[in-house]
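Commentary on secondary and tertiary structure
For reference, the chains in residue letters:
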Amino acid sequence: MTAAATKVHVLNGPNLNLLGTREPGLYGTGTLDDLRRRCEAAAAALGVEADVRQSNHEGELIDWVHEAGRETAAGVSLGAVLNLGAYTHTSIALRDAVSGVSLPVIEVHLSNVHAREAFRGRSYLAPVAIGVIAGMGPDGYAYAIDALARRRAQQPGT
Ligand code: DQA
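Residues numbered from 1 in each chain as written. Predicted model: local features only at pLDDT ≥ 70, side-chain atom pairs only at ≥ 80, totals over all residues. Heavy atoms only, no water.

What follows is about the environment of Gly-121. For Gly-121, the location among the structural elements is in the loop between strand E4 (105-109) and strand E5 (131-134). Residue Gly-121 is classed as partly exposed on the basis of its relative accessible area of 39%. Counting along the chain gives 115 residues from Gly-121 to Thr-6, while the straight-line C-alpha distance between them is 34 Å. In this structure, Gly-121 is in contact with Val-113 and His-114, ignoring residues within four places of it in sequence. (Helix = DSSP H or I, 4+ residues; strand = E, 2+ residues; numbered from the N terminus. Buried < 20%, exposed > 50% of the residue type's maximum accessible area, 1.4 Å probe, protein only. Contact = heavy atoms within 4.5 Å.)

Given below as structure tokens:
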């Protein structure tokens, strides 16, 4: 039997440390700390902890995906909410990391990537994600955390 999950991973990619001052018209005025608190509150409402991280480095994100995969396989984590920033549109290595550890992932973007430049409409991650949420701002992270919890409740052992 799978252990009851105690956490959910929330991994943020490059430039998301700049939230608050980075293109506020697109990404809002909330900071990464505000986003962290939002995720923690959403997770707490479901009885789990949000492990919220951000890195500007592809290799570090890959290591975190592997770690999240191990913890999800052990039943400790519900899976991961991933906003890979621009790596979404470029990184085969991060996609391979997700599929390599069979990590259940919801891809999230603060902005509606489909209403922006054409290159943002391509995601290497989406084909290996459970689903994609874009354009809902920080709410999208809360929806994704909720979706991972519902999925676990409906498919225990996954
Ligand atoms: C983003 C969208 C990406 O295209 C962009 O490179 C980002 C942020 C978003 O959250 O809207 O860094 O992932």
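The subject of this paragraph is the site of the ligand. Close to the ligand lie Pro-14, Arg-22, Tyr-27, Asn-83, Gly-85, Ala-86, His-89, His-109, Leu-110, Ser-111, Val-113 and Arg-120. A distance of 2.8 Å separates an oxygen atom of the ligand from a polar side-chain atom of Asn-83. The contact in question runs from an oxygen atom of the ligand to an N or O atom on the side chain of His-109, over 2.8 Å. Its free accessible area being 320 Å², the ligand has 99% of it covered by the protein chains. Within the shell around the ligand, the residues separate by chemical class into five nonpolar, five polar and two charged. (Near = heavy atom within 4 Å. Polar contact = N/O pair within 3.5 Å; in protein donor to acceptor, adjacent residues only side chain to side chain. Areas by Shrake-Rupley, 256 points an atom, 1.4 Å probe, with all protein chains shown as cover. Nonpolar A, V, L, I, M, F, W, Y, C, P; charged D, E, K, R; others polar.)

Moving on, we come to the environment of Gln-54. Here Gln-54 is to be found in strand E2 (residues 49-54). The residues contacting Gln-54, other than those within four sequence positions of it, are Asn-12, Gly-13, Pro-14, Asn-15, Leu-16, Asn-17, Leu-32 and Trp-64. Polar side-chain contacts of Gln-54 include one of 3.5 Å to the side chain of Asn-17. Engagement of the side chain of Gln-54 in a polar contact is seen with the side chain of Asn-56, the distance being 2.9 Å.

Taken together, the five strands give an open sheet; going across it, the order is E2-E1-E3-E4-E5, and neighbouring strands pair in parallel fashion. Each end of this open sheet is capped by a strand with a single partner; those strands are E2 and E5. Averaged over all pairs of adjacent strands, the angle between strand axes in this sheet comes to 20°, irrespective of strand direction. As defined by bridge partners, strand E3 (residues 77-83) adjoins E4 across three bridges and the pair is classed as parallel. Counterpart to Leu-82 in the pairing with E4 is Glu-107. Strands in contact with helix H3 (residues 58-73) are strand E1 (7-12), E2 and E3; relative to E1, the strand with the most contacts, it is inclined by about 165°. (Pairing = 2+ DSSP bridges. Axes fitted to C-alpha atoms, helices over the stretch in contact; angles between N-to-C directions.)

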